[in-house]
Amino acid sequence: MAVGSCGPDEVGERTGVCQVDGSWKVVEDNCILQPIEELLQQSVFLNTNSLPGFLETLRNVTVNFNEEVVESPANINAIVDILSNVANISLPIDSTLIEDILLTAGVLTTDGARTSWDSLNNNRRNVSQTGRSSAFLQSLETITSLITDDSLAIDTPSILLNKTTFTDSFNARFDSSVTIVISEPENITVMTFASMNNVLPARDETNSSIFDINGRVVLVQTSRGNSPINNINFTFDLLNPALVNPQCVFWNFSLFEDRGGWDNEGCTFVESKNGSVTCNCNHLTSFSILMSPFVNCEVCSVITYIGVGISMASLVICLIIEAVIWRKIRRNTTSYLRHVSIVNIAVSLLIADIWFIIGASIPEAKGDNRDACSAATFFIHFFYLAMFFWMLASALLLLYHTVNVFGGLSKRSMLAIGFSLGYGGPIIIAVITIAATAPSGRYTQGNFCWLNFKESLAIIAFVLPALMIVLINLIILIVVLFKMLRRRAVADSAQAGQRNVLLVIARTLAVLTPLFGLTWGLGIGTLVQPEEEGIHIAFSFFNSLQGFFVLVFGLLLDKKVRSELAIKSQISGSGTRSTSAGNSSSAFGFLRFWRRGRDGYNVSSNDSNVTQTLNT
């Protein structure tokens, strides 16, 4: 790391780090335009005589150096300090002075400044700067209270200011986007911002970031100051009608250790119709509405938690069954490798579900849990990917034994390939994803512990590999079925057993691959059409029951697995009767009768004798 000098007409310094290729990357730029630095120093010594000329110069510098200002967080930071100093000296502000201030402040709210504000609001190297947007709004609120004119209307490209006195109810529409209704006599000042959503982050009191500011930000003050207002209505035209779940909010400067955030205390939602939202509040400050691209689907939460419980129980049963029959399935290499894949799919999905529950509880905790949420997201991402990669390993095993294009591989070699693919691929993808997005704070979504799908599109690191595996598996299934149909003749019983195992693998993949593909296809649908509650419900249902699908289609529909369980049940039942006559057989007894009726395996009436055993 090294410190470098600034460019011409700038003061300050830049800090950079040397890259692998020998180039330098700037990690912190504190260079400020020379005229802005001079104004910053002068702002500490302002008085009534010097203020008009000072504000005119500030306006000219900001407007003339528009591009340099909005593209530099350091310049924006310096101008915010200047406006704060102007507010703190508490000098009277007339219409000429306030117009200069509005033109200066308007430059900082334009679309070109959004990237700089994002950098300030998410600055993890200097947390104090994350409150600069709040300081900017606070200075404008204070300056507005210093206006001496009883009535004025100023219209600038980015900010509209109106001040008026009324004796009856007040109803006015500002900037064709905000309607305010006050039923009590007041002197009212209203400042409407065209694009303050570029400045203020959409974080609420729970530090959630799924919301967007979906209406104009409007600052309202009256002659009462901070005294309560019994009834004030706001009607906001929506910036994006596709968003849902409106929240009526005001900017609370004290949230997050005085860094500020949106709060809904004292404000209630009234109605939403014809592309607008109406709110009612009992106090005054800066207001807007937050809306989310996601429906507030309570039934989805119920389905998810019940389904995850069923899924986890199913996966535990799956692993218990595998433990019971493990010694038998080791006799056949193909069967053994199939069950290794099933065990790893079940283990990966079970651990992913456990981390899902951990991650779901993190946002509800107090304080900054970004690191804990990032850890939960990493493990959820890794183990869900591992589940898909082990499905790919199963498909490749099927292809190998059907087409046999890879030559003769030993069991140990195939295990090594399986584990390298099943866990090596996911760990590489998961590590690259977190390394690329976490330093900039764009790894997780913010309101819940999952990959970001707005700023960094980190979700692609899961969706793309998963859907590619689904596509590859489907192609492999088509090839395998074609080969099997051409090889109808079976030479001996060993080949028949091998063929049966391959058919089981094919059937499992043929069911689970479309199911999992459909599940995450619906997941993409929730991002493309987040307002459709039906898609959310369908995704919650299929996603939460993946473990149940693995148990049923991966194990229980395999007649050899059922037969082995029936044999174990038979032996267990025989042992039980030899010690306690008349006692019922074990809990697996029903499988014996199911096997006898459905699969055509003959079991003698004597429970200690099994007339047919299986070479799994």
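Our structure is the block above this text.
Each value, and the rule that gives it
- Residues numbered from 1 in each chain as written.
- Predicted model: local features only at pLDDT ≥ 70, side-chain atom pairs only at ≥ 80, totals over all residues.
- Heavy atoms only, no water.
- Helix = DSSP H or I, 4+ residues; strand = E, 2+ residues; numbered from the N terminus.
- Buried < 20%, exposed > 50% of the residue type's maximum accessible area, 1.4 Å probe, protein only.
- Contact = heavy atoms within 4.5 Å.
- Areas by Shrake-Rupley, 256 points an atom, 1.4 Å probe, with all protein chains shown as cover.
- Patch = residues over 30% accessible without salt bridge, like charges linked within 9 Å, V, L, I, M, F, W, Y side chains within 5 Å.
- Salt bridge = Lys/Arg side-chain N within 4 Å of Asp/Glu carboxyl O.
- Disulfide = S-S within 2.5 Å.
- Axes fitted to C-alpha atoms, helices over the stretch in contact; angles between N-to-C directions.
- Parallel < 35°, antiparallel > 145°, perpendicular 65-115°, else oblique.
- Left-handed = near helix turned anticlockwise from the far one by under 90°.
- Nonpolar A, V, L, I, M, F, W, Y, C, P; charged D, E, K, R; others polar.
- Expected span 1.5 Å × (residues − 1).
- Phe/Tyr/Trp six-rings, centres within 6.5 Å; stacked < 30°, edge-to-face > 60°.
- Lys NZ or Arg CZ within 6 Å of the ring centre and 35° of its normal.
- Core = buried A, V, L, I, M, F, W, Y, C linked by side-chain atoms within 4.5 Å.
- Pairing = 2+ DSSP bridges.

Draft legend 1. Region of interest: the overall build of the protein chain. Secondary structure summary: the protein chain contains 18 helices and 18 strands in total. Of all 616 residues assigned to the protein chain, the portion counted as buried reaches 50%. Expressed as a percentage of contacts within the protein chain between residues at least 6 apart in sequence, the contacts between residues at least 24 apart total 71%. Accessible surface for the protein chain amounts to roughly 28000 Å². Of this, 56% is attributable to carbon and sulfur atoms.

Draft legend 2. Geometry of a nonpolar patch on the surface. There is a patch of nonpolar side chains on the surface, built from Leu457, Ile460, Leu464, Met468 and Ile472 and spanning about 440 Å² of accessible area. When you line up the elements, Ile472 lands in helix α13 (residues 460-486). On the basis of relative accessible area, Ile472 is assigned to the partly exposed category, the value being 34%.

Draft legend 3. Expanded view of the state of the cysteines. Inspection of the entire model under this criterion finds 4 disulfides. Bridging Cys6 to Cys31, the disulfide has an S-S length of 1.9 Å. One quick way to see it: the torsion about the S-S bond of Cys6 and Cys31 is about -85°, and its sign makes the bridge left-handed. Here Cys31 lies in the loop between β4 (24-29) and β5 (32-33) and Cys6 lies in the loop between β1 (2-4) and β2 (10-11), a separation of 25 residues in the sequence.

Draft legend 4. Up close: the pattern of salt bridges. This structure, assessed with the given rule, holds 6 salt bridges. In this structure, Arg14 engages Glu10 in a salt bridge whose closest nitrogen and oxygen atoms are separated by 3.3 Å. The class for Glu10 is partly exposed, based on a relative accessible area of 24%. Note that Asp29 is salt-bridged to Arg14, the shortest N-O span being 3.2 Å. Placement of the pair is Asp29 in strand β4 and Arg14 in strand β3 (residues 14-18), with a sequence separation of 15 residues. Relative accessible area serves as the criterion here: at 32%, Asp29 is assigned to the partly exposed category. On the basis of relative accessible area, Arg14 is assigned to the partly exposed category, the value being 23%.

Draft legend 5. Here's a closer look at the packing of helix α1 (residues 34-42) against helix α2 (residues 51-64). In the contact formed by α1 and α2, the axes pass within 10 Å of each other and the chain directions differ by 155°. The orientation of α1 relative to α2 falls into the category roughly antiparallel. α1 and α2 meet at a crossing whose hand is left-handed. Contacts between α1 and α2 involve Pro35, Ile36, Leu39 and Gln42 from the former and Phe54, Thr57, Leu58 and Val61 from the latter. A per-class count over the contact of α1 with α2 returns 6 nonpolar, 2 polar and no charged.

Draft legend 6. A look at unusual backbone geometry. Of note in the backbone geometry, Asp9 takes a positive phi value of approximately 65° without being a glycine. Its place among the elements puts Asp9 in the loop between β1 and β2. Positive phi is not limited to glycine here, since Asn274 has a value of about 55°. You can see Asn274 is positioned in the loop between β16 (267-273) and β17 (276-281). Judged by relative accessible area, Asn274 falls into the exposed class, the value being 77%.

Draft legend 7. The arrangement of helix α7 (residues 132-144) in detail. Under the 1.5 Å per step criterion, the end-to-end length of α7 is 18 Å for 13 residues, consistent within 8% with the ideal 18 Å. In terms of burial, α7 is a largely internal element, 10 of the 13 residues being buried. Those residues of α7 that sit buried are Arg132, Ser133, Ser134, Phe136, Leu137, Ser139, Leu140, Glu141, Ile143 and Thr144.

Draft legend 8. Quick look at the packing of aromatic side chains. Within the structure shown, the criterion is met by 20 aromatic pairs. Aromatic pair Trp355 and Phe379: ring centres 4.7 Å apart, planes at 15°, arrangement stacked. Placement of the pair is Trp355 in helix α10 (residues 333-361) and Phe379 in helix α11 (residues 370-403), with a sequence separation of 24 residues. Joined through ring pairs, the aromatic side chains of Trp355, Phe378, Phe379, Phe382, Phe383, Trp390, Phe419 and Tyr423 make up one cluster. One cation-aromatic arrangement involves Lys411 over Tyr336; the distance from NZ or CZ to the ring centre is 4.5 Å.

Draft legend 9. Geometry of the nonpolar core. One finds Tyr384, Phe388, Leu398, Phe462 and Phe516 to be the most contacted residues of the largest nonpolar core, which totals 70 residues. Sort the elements by how many residues they give to this core and α11 lands first, with 18 residues. Among all residues touching Phe462, those that are not within four sequence positions of it are His381, Tyr384, Leu385, Phe388, Trp450, Leu451 and Trp520. By size, the runner-up hydrophobic cluster in this structure holds 59 residues, among which are Ile76, Val80, Val107 and Ile143.

Draft legend 10. Seen up close, helix α5 (residues 95-108). Relative to the 20 Å expected for 14 residues at 1.5 Å per residue, α5 spans 20 Å between its end C-alpha atoms, a close match to the ideal helical length. Most of α5 is tucked away, with 10 of its 14 residues classed as buried. Those residues of α5 lying buried are Leu97, Ile98, Asp100, Ile101, Leu102, Thr104, Ala105, Gly106, Val107 and Leu108.

Draft legend 11. Quick look at the pairing of β17. Burial within β17 is extensive, with 6 of its 6 residues counted as buried. Across the two faces of β17 the burial is the same, with Ser276, Thr278 and Asn280 and Val277, Cys279 and Cys281 all buried. Inspection of the sheet shows strand β13 (residues 232-237) paired to β17 by 6 bridges, in the antiparallel sense. Pairing of Phe234 across the sheet is with Cys279, part of β17. Sheet topology places β16 next to β17; 6 bridges connect them, and they run antiparallel. The residue bridging Glu271 from the neighbouring strand is Thr278, located in β17. A loop of 2 residues connects β16 with β17, the two strands running antiparallel in sequence, and Asn274 in this loop sits at a positive phi of about 55°.

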